[in-house]
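Residue-level structural notes
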Amino acid sequence: MTSHTPADTFPRQYARTLRYTVGAPRSFSVAPDGSRVVFLRSRSGSDRANLLWTLDTATGEERIAADPAVLLGGGEEDLSPAEKARRERSREGSAGIVGYALDAEGRLAAFALSGRLFTADLLTGDARELPARGPLLDPRLSPDGTHVAYANTAGELRLTRTDGTGDRALAEPDGPNVTWGQAEFIAQEEIDRDRGFWWSPDGERLLVERADDSPVRRWWIADPANPGREPAEVAYPAAGTANAEVGLWLIDLQGGRTEVSWDQEAFPYLARVHWTEGGVPLLLVQSRDQRAQQVLGLDTATGGTEVLFEERDEAWLEAFPGVPAWTPDGKLVRISDEGGVRALVVGDQAVTGADLHVRSVVAVTEREVFFSASGGAGETDPEPGWIAVGRISHDGKQLAWESANGRPFTSVTSAVHAGGITVRATAEPDLPGTLVQVARDLPEGVVVDDVATIASYAETPVITARPVFRFAGERRIPSAVFLPTGYERERDGLLPVLMDPYGGPHGQRVVQAHNPHLNSQWFADQGFAVVVADGRGTPGRGPAWEKSVAFDFAGATLDDQVEALRALAEEFPLDLDRVAIRGWSYGGYLAALAVLRRPDVFHAAVAGAPVTEWELYDTHYTERYLGHPAEWPEVYEANSLTGYAAGLERPLMIIHGLADDNVVAAHTLRLSSALLAAGRPHTVLPLSGVTHMTPQEEVAENLLLLQVDFVKRSLGR
């Protein structure tokens, strides 16, 4: 890690370094023969432009494979609105090369820069631009490296040869709102699928998504600070309204097409597409309410599908990374919530038990499945928040853990694996940043760190996080407590409290790592005891824990913040007469909910980009948890913030980016209008030109400072 600028304050450094991600290695791939590791990294902790790098696993030598500054001749990047939208969906704030794709050998890479197409030979270091009709999106190489397929902002899927010839359209829009080869909004934002086309292993054809968002309701997002600009039109599928029509087609290199058929009326969501090494595609499709899903096998000759597995759940089903997949001997690999346990299933056998909560599949080899997991229901875990990568035999009899520090249950580890090489990234609570190590499998299956450590150029934080982890209360709510640096109880006494949750689905905050807690530590250093609590609905503790919020956001998530606060006050110096709460997105909803519903507990709140009326949020997310608004109107009413506006008794600051197309500013405006109608004073901070991510350095820095000032004034400090 690199040193920081001496004049840096934490808010400025935190904003400038994109939360200390700039300069850190990321996006790892391993060549199938294990000869090289490919990754992205910028030159320093203050340079947001990623370069493409390789590491030779025989020597440990790192080498630049592609440099955006060279390829663009020193010019600035020019991103299309479509590419900006893709980056917003993936929460991507960096620049330069932000994604790449490899051929089957892992020798040639393809990537986009400023909407233009480039390839890089990872052996020779030769990088060059190819002719393409852009601005383009998501270029991907054929397995043999002779072609690149790419989508573009005109809605086409195009094909060009890597020798620089033959650029042509494989599929062109057949309607004004049709795109080929692009994941639709819901897939990108909610299903964790950002791809819209997939090469077959033989390189002879592709599976291609066709999306038509004509049925989707249009919203217009204006820029009030620049009234001369036309509002941006956004196709936004709000809860209870129409989604885009999504289909899948097999297209060969000559343009021949076969439509893929399944029961799209019953299962409209295309969640996963996976070509197996044998050339048989697997699909995962979901019902609109996500209480049913099917794993389908595809007949590539006819386009017909066969149901290989179907499951149902009274609450909802998740689509997990890495599955469905096949073992080399033809067993289906999936993650299941059967029996109240989120288990890894190989064939018909659950190979993990109730002590683990499986989160994803990393890789499937001839003998093992690499998977990510945490601590199940947490009843026997000594501390919360660990995430580990394990490797388990197909019969479940042999299990080993990957961890750079040898302590998988007191750290957070992620990994990729191929060709007998594992790249694992391990974060610990006591050390800033993440340690990335490259390890080789020995013949007997033992892993040793015998290859290399990939350097990080990320800056060293100017402060040190000191989380104290606890399971709080009878429900054993995973929590982390932060006290001011140098705090002494006899001298400093009880401290005002700042609750700092996300508190909702897909947002785990209590993790055994250092950097994710820096923001909370900084708030603590301003004179607060900061509490982060992952109550029911947050991930990592079993299906029952996650699904406790079904049809009830406003109950379980808020109740658990209160329980954690009161339980932790028995051990830590928390002044329960001075309690504030802050959060962003779902955390913003929870913060506003807290002062509206429980003013007896919470005395001030800062709500950033809050959802205030769930009818204004998207279909896949909202209907999964609260049902369809036409069928469950009382649920939507009970979970809306505007209905509680008249009860506001405490100071409330609401912050919202006016360019936010995920949680649109209408949420804040409607709540503010309801508060005004009820005669309830409150503060609104509109951010012109700011999206849901707030990537602008000055904005991100000053938001922290303004929040501290508001909370101190509100609590009488």
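Presented here is a report on the structure given in the accompanying data block. (Residues numbered from 1 in each chain as written. Predicted model: local features only at pLDDT ≥ 70, side-chain atom pairs only at ≥ 80, totals over all residues. Heavy atoms only, no water.)

Description of the nonpolar core
General note: in soluble globular proteins, nonpolar side chains tend to be found buried as a group. What counts is decided by this rule: Among the buried residues, those of types Ala, Val, Leu, Ile, Met, Phe, Trp, Tyr and Cys that are joined through side-chain atoms within 4.5 Å form a nonpolar core. Only protein chains enter the accessibility calculation, which uses a 1.4 Å probe; a residue is then buried when its area is under 20% of its type maximum, exposed when over 50%, and partly exposed in between. Secondary structure counts use DSSP, requiring at least four H or I residues in a row for a helix and at least two E residues in a row for a strand, with both numbered from the N terminus. Here, residues are in contact when the closest pair of their heavy atoms is within 4.5 Å.
The biggest cluster of nonpolar side chains holds 74 residues, and the ones touching the most others in it are Phe553, Phe602, Trp614 and Leu652. At nine residues, helix H9 (residues 586-597) tops the list of elements feeding residues into this core. In contact with Phe602, other than residues within four places in its own chain, are Met499, Leu558, Gln561, Val562, Val579, Ile581, Ala594, Val595 and Arg650. Counting 30 residues, the second largest nonpolar core, distinct from the first, contains Phe10, Leu687, Val708 and Phe710.

Quick word on the pairing of strand E21 (residues 269-275)
Our working rule: Note: two strands are recorded as paired if DSSP finds a minimum of 2 bridges between them.
Along E21, six of the seven residues are buried, which leaves the element largely enclosed by surrounding structure. Sheet topology places E21 next to strand E22 (residues 281-286); six bridges connect them, and they run antiparallel. Note that in E22 the partner of Val273 across the bridge is Leu283. Where E21 folds back onto E22 in an antiparallel hairpin, the turn is made up of five residues, including Gly279, whose phi is positive at roughly 90°.

Here's the deal with the pattern of salt bridges
When the charged atoms of two side chains with opposite charge come close together, those side chains can pair. The following threshold applies: Take a side-chain nitrogen of Lys or Arg and a carboxyl oxygen of Asp or Glu: if they are within 4 Å of each other, that pair is a salt bridge.
Evaluation of the coordinates by the stated rule reveals 39 salt bridges. The salt bridge involving Glu546 is made with Arg342; its shortest N-O contact spans 3.0 Å. Of the two residues, Glu546 sits in helix H7 (residues 543-546) while Arg342 sits in the loop between strand E26 (332-336) and strand E27 (343-346), which places them 204 residues apart along the sequence. Of the charged contacts, one joins Arg391 and Glu402 as a salt bridge, the two residues approaching to 3.2 Å between their closest N and O atoms. With a gap of 11 residues between them, Arg391 in strand E31 (residues 388-393) and Glu402 in strand E32 (residues 399-402) connect regions that are remote in the sequence. Glu402 matches Arg391 in its accessibility class, with the two residues each being buried.

Examining the sheet that holds strand E8 (residues 116-121)
In space, the four strands of this open sheet follow the order E6-E7-E8-E9, with antiparallel pairing throughout. Each edge of the sheet is formed by a strand with only one pairing partner; in this case those strands are strand E6 (101-102) and strand E9 (127-130). As paired elements, strand E7 (residues 108-113) and E8 share six bridges and run antiparallel to each other. Following the sheet pairing, Ala112 is matched in E8 by Leu117.

A few points about the packing of aromatic side chains
Here is the rule we go by: Working definition: rings of Phe, Tyr and Trp (its six-membered ring) pair if their centres are within 6.5 Å, and the pair is stacked with planes under 30 degrees apart, edge-to-face with planes over 60 apart, and tilted otherwise.
Overall, the coordinates contain 31 aromatic pairs when judged by the stated rule. Measuring from ring centre to ring centre gives 4.9 Å for Tyr621 and Tyr625, while their planes differ by 75°; the resulting arrangement is edge-to-face. Within this pair, Tyr621 and its partner Tyr625 are both found in helix H10 (residues 619-626), separated by four residues, close to a single helical turn. Judged by its relative accessible area of 0%, Tyr625 is buried. Among the aromatic side chains, those forming a connected cluster through ring pairs are Trp316, Tyr502, Phe553, Tyr586, Tyr589, Trp614, Tyr617, Tyr621 and Tyr625.

A word on the side chain of His517
Here His517 shows up in the loop between strand E39 (495-499) and helix H6 (518-525). Residues in contact with His517, not counting those within four places in the same chain, are Ala465, Pro467, Phe469, Phe482, Arg509, Val510 and Val511.

Observations concerning helix H13 (residues 697-714)
The cut-off we apply is this: Working rule for helices: expected span equals 1.5 Å times residues minus one.
The end-to-end C-alpha separation of H13 is 26 Å, in line with the 26 Å expected for 18 residues at 1.5 Å each. Those residues of H13 not exposed but buried are Glu697, Glu701, Leu703, Leu704, Gln707, Val708, Phe710 and Val711. Within two residues after H13, Gly716 carries a phi angle of roughly 75°, on the positive side.

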